[in-house]
Amino acid sequence: MEFHKVGAKPCSSYLFFAILLLFAFLASFADAAVHFHEFVIEAKPVKRLCRTHSTITVNGQFPGPTLEVRDGDTLVIKAINRARYNVTLHWHGVRQLRNPWADGPEFVTQCPIRPGQSYTYQFTIQNQQGTLWWHAHSKWLRATVYGALIIYPKLGSPYPFPMPKREIPILLGEWWDRNPMDVLRLALSTGAAPNISDALTINGQPGDLYRCSSKETAIFPVEVGETILLRIINSAMNEEMFFGVANHKLTVVAVDSAYTKPFATNVITIAPGQTTDVLLTADQTPAHYYMAAHAYNTANAPFDNTTTTAILEYKSAPFSAKKGQSLKPIFPQLPGFNDTATAIAFTAQLRSLSKAKVPLEIDESLFFTVGLGLINCTNPNSRRCQGPNGTRFAASINNVSFVFPRRNSLMQAYYQGQPGIFTTDFPPFPPVQYDYSGNVPRGLWQPVKATKLLKLKYRSKVQIVFQDTSIVTVEDHPMHLHGYQFYVVGSGFGNFDPKNDPAKFNLIDPPERNTIGTPPGGWVAIRFEADNPGIWLLHCHLDSHLPWGLATALLVENGVGKLQTVQPPPLDLPRC
Ligand code: C2O
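Per chain, residues are indexed from 1 in the order of the written sequence. Side-chain atom pairs in this predicted model are given and counted only at pLDDT of 80 or more, local residue features only at pLDDT of at least 70, and totals for whole chains, interfaces and linings cover all residues. By convention in this description, side-chain values take in all heavy atoms of the structure and omit both hydrogens and water.

Asks: Even after reading the chapter, I still don't get the nonpolar core, so can you show me in this structure?
Replies: Taken as a class, soluble globular proteins show a tendency for nonpolar side chains to be buried jointly. Counting residues in hydrophobic clusters, the biggest one holds 52 residues, and the most contacted among them are L89, W91 and L410. Residue contacts are defined here by distance: any two heavy atoms, one from each residue, within 4.5 Å place the two residues in contact. With residues up to four places along the chain from it excluded, the contact list for L89 reads F39, I41, A79, D103, G104, Y121, W134, H135, A136 and V145. Side-chain atoms within 4.5 Å are what join buried Ala, Val, Leu, Ile, Met, Phe, Trp, Tyr and Cys residues into a set we call a nonpolar core. Note on exposure labels: buried denotes an accessible area under 20% of the residue type's maximum, exposed denotes more than 50%, and partly exposed covers the range between, all computed with a 1.4 Å probe on protein chains only.

Asks: Explain the pairing of strand β13 (residues 240-245) to me, please; I cannot follow it from the model alone.
Replies: A regular strand places its side chains so that they alternate between the two faces of the sheet. Across the six residues of β13, six count as buried, placing the element largely inside the fold. Alternating positions in β13 separate into two faces, E240, F242 and G244 on one and M241, F243 and V245 on the other, with burial throughout. In short, DSSP must find at least two bridges between two strands for them to pair. Here a helix means four or more residues in a row that DSSP labels H or I, a strand means two or more in a row labelled E, and each is numbered from the N terminus. Bridge analysis of β13 against strand β18 (residues 288-296) gives six bridges, and the strand direction is antiparallel. In the strand pairing of β18, E240 is matched with Y296. As paired elements, β13 and strand β16 (residues 267-270) share four bridges and run antiparallel to each other. Each residue of the ladder has a partner; that of F242, found in β16, is T269.

Asks: Would you take a moment to explain the sheet that holds strand β7 (residues 130-136) for this structure?
Replies: Sheets are built from strands that pair by backbone hydrogen bonding, the pairs being arranged parallel or antiparallel. With mixed pairing, four strands are arranged side by side in an open sheet as β3-β8-β7-β5. Each end of this open sheet is capped by a strand with a single partner; those strands are β3 (67-70) and β5 (89-92). Looking at each pair of strands side by side, their axes are set apart by 20° on average, direction ignored. In this sheet, strand β8 (residues 146-152) lies alongside β3 in parallel orientation, the contact comprising four bridges. Opposite R70, over in β8, you have Y152 as the bridge partner. Every axis in this analysis is a line fitted to C-alpha atoms, fitted for helices over the stretch in contact. Angles between the N-to-C directions lie between 0 and 180 degrees.

Asks: So what exactly am I meant to see when it comes to the environment of P405 here?
Replies: Within the secondary structure, P405 is located in the loop between β22 (400-402) and α4 (410-416). Residue P405 is classed as buried on the basis of its relative accessible area of 8%. Distance in space between the C-alpha atoms of P405 and V108 is 8.0 Å, their sequence separation being 297 residues. Setting aside chain neighbours within four positions, we find P405 in contact with F107, L410, I421 and T451.

Asks: For this particular structure, what's the right way to read the side chain of T391?
Replies: With respect to the helices, strands and loops of the structure, T391 is situated in strand β21 (residues 391-397). Here a polar contact means two N or O atoms within 3.5 Å. Within protein one must be a hydrogen donor candidate and the other an acceptor candidate, and residues neighboring in sequence count only if both atoms are side-chain atoms. Side-chain polar atoms of T391 contact the backbone oxygen of P388, separated by 2.6 Å.

Asks: Explanation requested: the environment of F493 in the structure shown.
Replies: By the secondary structure assignment, F493 is in strand β27 (residues 486-493). For the pair F493 and V524, spaced 31 residues apart in sequence, the C-alpha to C-alpha distance is 8.9 Å.

Asks: Which parts of the structure should I look at to understand the pairing of strand β9 (residues 166-175)?
Replies: Of all the ten residues making up β9, seven are buried; the element is thus mostly covered by neighbouring parts of the structure. Note that β9 and strand β12 (residues 227-234) share seven bridges and pair parallel. Residue E167 lies in a different strand from β12, and its bridge partner there is L229. Two elements, β9 and strand β10 (residues 199-202), share four bridges in a ladder whose sense is antiparallel. The residue of β10 that forms the bridge with G173 is T201.

Asks: Looking at this structure, I do not really get the packing of aromatic side chains. What am I missing?
Replies: For any two aromatic rings, the description comes down to two numbers: the centre-to-centre distance and the angle of the planes. Within 6.5 Å between ring centres, the rings of Phe, Tyr and Trp (the latter by its six-membered ring) count as paired, and their orientation is classed by plane angle as stacked under 30 degrees, edge-to-face over 60, tilted in between. Inspection of every chain in the model, using the stated rule, returns 27 aromatic pairs. For the pair F242 and Y296, a centre-to-centre distance of 5.1 Å together with 45° between the ring planes defines the contact as tilted. You can see F242 sitting in strand β13 and its partner Y296 sitting in strand β18, a full 54 residues away along the chain. Of the two residues examined, F242 and Y296, each falls in the buried class. Arranged with centres 5.5 Å apart and planes meeting at 55°, the rings of F367 and Y436 form a pair that is tilted. Here Y436 lies in the loop between α4 and β23 (448-450) and F367 lies in strand β20 (residues 364-376), a separation of 69 residues in the sequence. A residue is classified by how much of its surface remains accessible, and F367, at 16% relative accessible area, is buried.

Asks: Where do I start with the pattern of salt bridges in this structure?
Replies: If charged atoms from side chains of opposite charge come close, those side chains can pair. The rule for a salt bridge is simple: a side-chain nitrogen of Lys or Arg has to be within 4 Å of a carboxyl oxygen of Asp or Glu. Applying the stated rule across the entire model yields 19 salt bridges. Notably, a salt bridge pairs D509 with R351, separated by 3.9 Å at the nearest N-O pair. Of this pair, D509 sits in the loop between β27 and β28 (512-513) while R351 sits in the loop between α3 (340-348) and β20; the two residues are 158 residues apart in sequence, bridging distant segments of the chain. With relative accessibility at 14%, the residue D509 sits in the buried group. Among the ionic contacts, a cluster of salt bridges with common partners joins R166, E223, E226 and K315.

Asks: Looking at this model, I keep getting lost on helix α2 (residues 180-190). Mind explaining?
Replies: Of the positions making up α2, those classed as buried are P180, M181, V183, L184, A187 and T190. Where α2 is buried, its residues contact β21. Sitting at the amino-terminal end of α2 is N179, which places a side-chain oxygen 2.8 Å from the backbone nitrogen of M181. Just downstream of α2 lies G191, where phi reads positive at about 85°.

Right under this line is the structure:
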């Protein structure tokens, strides 16, 4: 900003200067606020499905607190660990420009916060609007440690759709009738798949269809004729879901904190890690309507096939849902558990609201096979080998099953120049070519365990094709990239065809996301510019697959000068 001297008299020019300064000061306040929070991670008794469990929560709340900010605001969150586990917090979808230190995945950008210790996450929201969320990024703590992160437009900027009368965060989750940390520990010791959950939840409540749950079913009141905004977040551990509201159309307006061209639908498909903002107009006969979600399952494996519900209650409805049990709410029609046609048709409708800045020339063209694997055991009768035919489950990208380091975090080792923690020879394409989605020879089922990262030049233009494999089972793997928003330019079934498929890419208005699933037995292509230096985890957001190694990390090099370089770590960054 420049100050020009006006008027001859020094005193008036000082006054003018002072007023200008005051305005600049006030304007900076109006533009961007700083939000301070304390997140105490602690065990609290939580009762679900007739039983009370000592549950890890934030500030005693399950789900955790909702954060509400505007684009451009800064968050300062002191995480205090009073639980008996190591913990970290991740702000899912926040770009964290040049600031990997606030990203949170344990042993990737930080060492865990030990019991009794604390760490302050400080970051600014830059050019993101809509719905994101936060969750623990340490073992299976995120089963109960999660909450919504709502980003409103800057003060004075409207939504690109009619202003809704009210806004409701809808957090879809999963509940185990036991300690989720024990579920993971058992799975990792036996090598078998972890137990499936006992309930799905909406805002932490299973709803009317489960034992001992009716009284606490979430109820959302609406006035006849008003339009509300549902901010739907799939915070479940392992289940993709279909979600719908009886008799009501949903108009999708945003996904993963980026606006979309609006379209109406009866049902949405949402994978763990994804968010979907929808408008709903209360234009039906005043009554009670269920909103419900159940699994969309693509793997040949057991899954939680129960249904979670909440109630949309017209205030003028003849009975209150609380007292009058006489009138059952109307139930929505959800697609079948394996209705891939409906899931794909939904995803195919997503388009960026405005013209997208998709990279057209690609510097790094990467082809990543993603899928499960099996580790053979020398003694298949061992208690540690209870996977299929005396093996242990694994998962990989390009046949590398990612091993998280323990002695230091990747980012700290990189920053300090400590050798021996990782290598940067992650393969840009699979080491062997085969019919990925077809009948894969047994000899190719066993991945190699390693901590390999993929190096990218600052500002390089990157394309990644994720190719699902049929090893053990085909499956929709929701791939999540930390520190970035990417464009989803294409997808299809079977094996990706590098000759003919790129011609069909949408390079005009593809949706911008942070998490996208591979169609089961198919592929999905994303593009982005590597404009955020640091180490960024790329992984499947199914929490059964992550500990099996369905991950890697991108090491994006610094550019030139301070504004293209990772900022120094905060002083209280935990050490390993
Ligand atoms: Cu939602 Cu690596 O996380």
